[in-house]
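# Secondary and tertiary structure notes
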Amino acid sequence: MKTPVVLVTGFLGSGKTTLISELLARPELGDTAVIVNELGDVGIDHHLLRRVDERTVLLASGCVCCALRGDLADELRDLLDRRDAGEIPQFRRVVVETTGVADPTPIVNTLLSDPLVPHHYTLDTVVATVDGMHGLRGSESVKQVAAADTLVLTKPDLAEPVSLDALERELEALNPTAPALRVAFGNVEPELLLRGPEHDLERLPTSPSVEGEHAHEIHAVCLVLDEEVDWVAFGIWLTMLLQARGADVLRVKGLLDTGGEGPLLVNCVQHAVHPPVHLHGWPDEDHRSRLVVIGRGFTGEELEASLRAFCGAACPG
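Now for a look at the structure at hand. (Residues numbered from 1 in each chain as written. Predicted model: local features only at pLDDT ≥ 70, side-chain atom pairs only at ≥ 80, totals over all residues. Heavy atoms only, no water.)

## Overview of the overall build of the protein chain
- The number of helices and strands found in the protein chain is eight helices and 15 strands.
- Relative to its full complement of 317 residues, the protein chain shows a buried share of 53%.
- As displayed, the protein chain has an accessible area near 13,900 Å², and 53% of this comes from carbon and sulfur atoms. (Helix = DSSP H or I, 4+ residues; strand = E, 2+ residues; numbered from the N terminus. Buried < 20%, exposed > 50% of the residue type's maximum accessible area, 1.4 Å probe, protein only. Areas by Shrake-Rupley, 256 points an atom, 1.4 Å probe, with all protein chains shown as cover.)

## Considerations on the side chain of D149
- One can find D149 in the loop between helix 5 (138–147) and strand 8 (150–154).
- Since its relative accessible area comes to 7%, D149 is described here as buried.
- Separated by 2.8 Å, the side chains of D149 and R251 make a polar contact. (Polar contact = N/O pair within 3.5 Å; in protein donor to acceptor, adjacent residues only side chain to side chain.)

## Section: the pattern of salt bridges
- By the definition in use, this model includes 22 salt bridges.
- Of the charged contacts, one joins R77 and D114 as a salt bridge, the two residues approaching to 3.2 Å between their closest N and O atoms. Separated by 37 residues along the polypeptide, R77 in helix 2 (residues 72–84) and D114 in the loop between helix 3 (105–113) and helix 4 (117–120) bring together distant segments of the chain.
- One salt bridge in this structure joins D248 and R296, with 3.2 Å as the shortest N-O distance. Taken together, the positions of D248 in the loop between helix 7 (231–245) and strand 11 (249–256) and R296 in the loop between strand 15 (289–295) and helix 8 (300–311) put the pair 48 residues apart, joining distant regions of the chain.
- Residue classification places D248 among the partly exposed positions, given a relative accessible area of 24%.
- A cluster of three or more residues bridged by salt bridges with shared partners is formed by R26, E28 and E189. (Salt bridge = Lys/Arg side-chain N within 4 Å of Asp/Glu carboxyl O.)

## Describing a nonpolar patch on the surface
- A cluster of nonpolar residues, W231, V232, I236, M240 and F310, forms a patch on the protein surface that exposes about 460 Å² of accessible area.
- It is helix 7 that contributes the most residues to the nonpolar patch, four residues altogether.
- With respect to the element layout, M240 can be found in helix 7. (Patch = residues over 30% accessible without salt bridge, like charges linked within 9 Å, V, L, I, M, F, W, Y side chains within 5 Å.)

## Here we look at empty space enclosed by the protein
- Across all of its chains, the model carries four cavities of 30 Å³ or more by this definition.
- The wall of the largest cavity is formed by 13 residues, among which V6, V8, L23, V95 and L194 lie closest to the centre.
- Where the lining of the largest cavity is concerned, the elements lending two or more residues are strand 1 (3–10), helix 1 (16–24) and strand 6 (93–97).
- The element that contributes the greatest number of residues to the lining of the largest cavity is helix 1, accounting for four residues.
- In the lining of the largest cavity, the residues fall into 11 nonpolar, one polar and one charged.
- Looking at the second largest cavity, the residues that line it are F11, S14, T129, V130, D131, G135, L136, S141, Q144 and V145.
- Counting only elements with at least two residues in the lining of the second largest cavity, the list comes to strand 7 (121–131) and helix 5. (1 Å grid on protein atoms, 1.4 Å probe; cavity = no way out; pocket = protein on both sides within 12 Å on 5 of 7 lines; lining within 4 Å. Points joined across faces, edges and corners; volume = space filled by probe spheres on them. Nonpolar A, V, L, I, M, F, W, Y, C, P; charged D, E, K, R; others polar.)

## Digging into the packing of aromatic side chains
- All chains considered together, the criterion is met by two aromatic pairs.
- Members of the aromatic cluster, each reached through a chain of ring pairs, are W231, F234 and W237.
- Cation over ring: R83 sits above F91, and NZ or CZ is 4.4 Å from the ring centre. (Phe/Tyr/Trp six-rings, centres within 6.5 Å; stacked < 30°, edge-to-face > 60°. Lys NZ or Arg CZ within 6 Å of the ring centre and 35° of its normal.)

## Thoughts on the pairing of strand 9 (residues 180–183)
- Of the two faces of strand 9, only one is covered, namely that formed by L181 and V183; the face formed by A180 and R182 stays uncovered.
- Across four bridges, the pairing between strand 8 and strand 9 is parallel. In the strand pairing of strand 9, T154 is matched with V183.
- Each parallel crossover has a hand, and the one from strand 8 via helix 6 (residues 161–174) to strand 9 is right-handed. (Pairing = 2+ DSSP bridges. Right-handed = clockwise from strand over helix to strand, strands pointing away.)

## Regarding the environment of R169
- With respect to the helices, strands and loops of the structure, R169 is situated in helix 6.
- Remark: the alpha-carbon pair of R169 and A180, spanning 11 residues in sequence, is separated by 9.8 Å.

## Observations concerning the layout of surface pockets
- The calculated volume of the largest pocket comes to roughly 330 Å³.
- Where the lining of the largest pocket is concerned, the elements lending two or more residues are helix 3, strand 7 and strand 12 (264–269).
- Broken down by element, the lining of the largest pocket gets its largest block of residues, four residues, from strand 7.
- Looking at side-chain class alone, the lining of the largest pocket contains 10 nonpolar, four polar and three charged residues.

## A few points about the environment of G15
- Assignment of secondary structure puts G15 in the loop between strand 1 and helix 1.
- The sequence separation of G15 and G186 amounts to 171 residues, and the corresponding C-alpha distance is 7.6 Å.

## With respect to helix 7
- Its 15 residues place the ends of helix 7 21 Å apart at the C-alpha level, agreeing with the 21 Å of an ideal helix rising 1.5 Å per residue.
- Those residues of helix 7 that fall on the buried side of the exposure criterion are A233, F234, G235, W237, L238, L241 and L242.
- On its buried side, helix 7 packs onto strand 11, strand 12, strand 13 (272–273), strand 15 and helix 8.
- One side-chain oxygen of the residue at the start of helix 7 lies 3.3 Å from the amide nitrogen of V232, identifying that residue as D230.
- Looking one or two residues beyond helix 7, the residue adopting positive phi is G246, at roughly 55°. (Expected span 1.5 Å × (residues − 1). Contact = heavy atoms within 4.5 Å.)

Put into structure tokens, the structure is as follows:
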């Protein structure tokens, strides 16, 4: 059975460390391994039990925390080897914390495309923290939000309610598929975060997006198709789109009606494409294909026209 990986990203000072520290204190997460960029930067000293070696500590909760000092794929494989050898405790999940200025896409790509990692691990979800006082700060934080399955709006106790409401609307426009949770001091129920991307699919818009003013160059558009979609034709179109537009397409997520009882879940972060998942049923009564594309330099009308033109008979106009 593959070990699920939870990727936690967020801009500098947005509360990643506080969130992870509080999660690790929960008894139900005692069988978790954590990979961080620098062990000394993580505020877990009050949970520290003992040091295993120069880069690993055991926490009082039972978690094992390792510093990432090289390649992530090597670190993940090493965790398995050390667990099998009895050098570290058994773990049931892995949490990976990025640096505050990291683009999460290369990490997602490692988890999905490395020759060996996907045989042992599966990317379960991406969580992004957003500073409730300062909002989005630069292109890095926008990319982190675009890649997320769940957003954690931190420091709500310090921010004005009106500004929080405005920030939530901004996040909704940027990534309409990701719920935003207001979380103070990292206090949140783990089950709200540790769940796969198939959750909250009812958030997918049920009507095409209307182009308007956006706070950022990057924005989200929604495509809605009434017709059954040919998966092979769609897969070729998506591949060509990602190849042609490169870094302009940050995220694609949606449900496709391919003729089965349930939809096909499509989920990718730039060129890192999750294996498609057949769901047992639709999240609501609307069984049309719905696709959210987050990026820049395109409109919903342009994407829909190219999809219909490429699919031909599978997506007639």
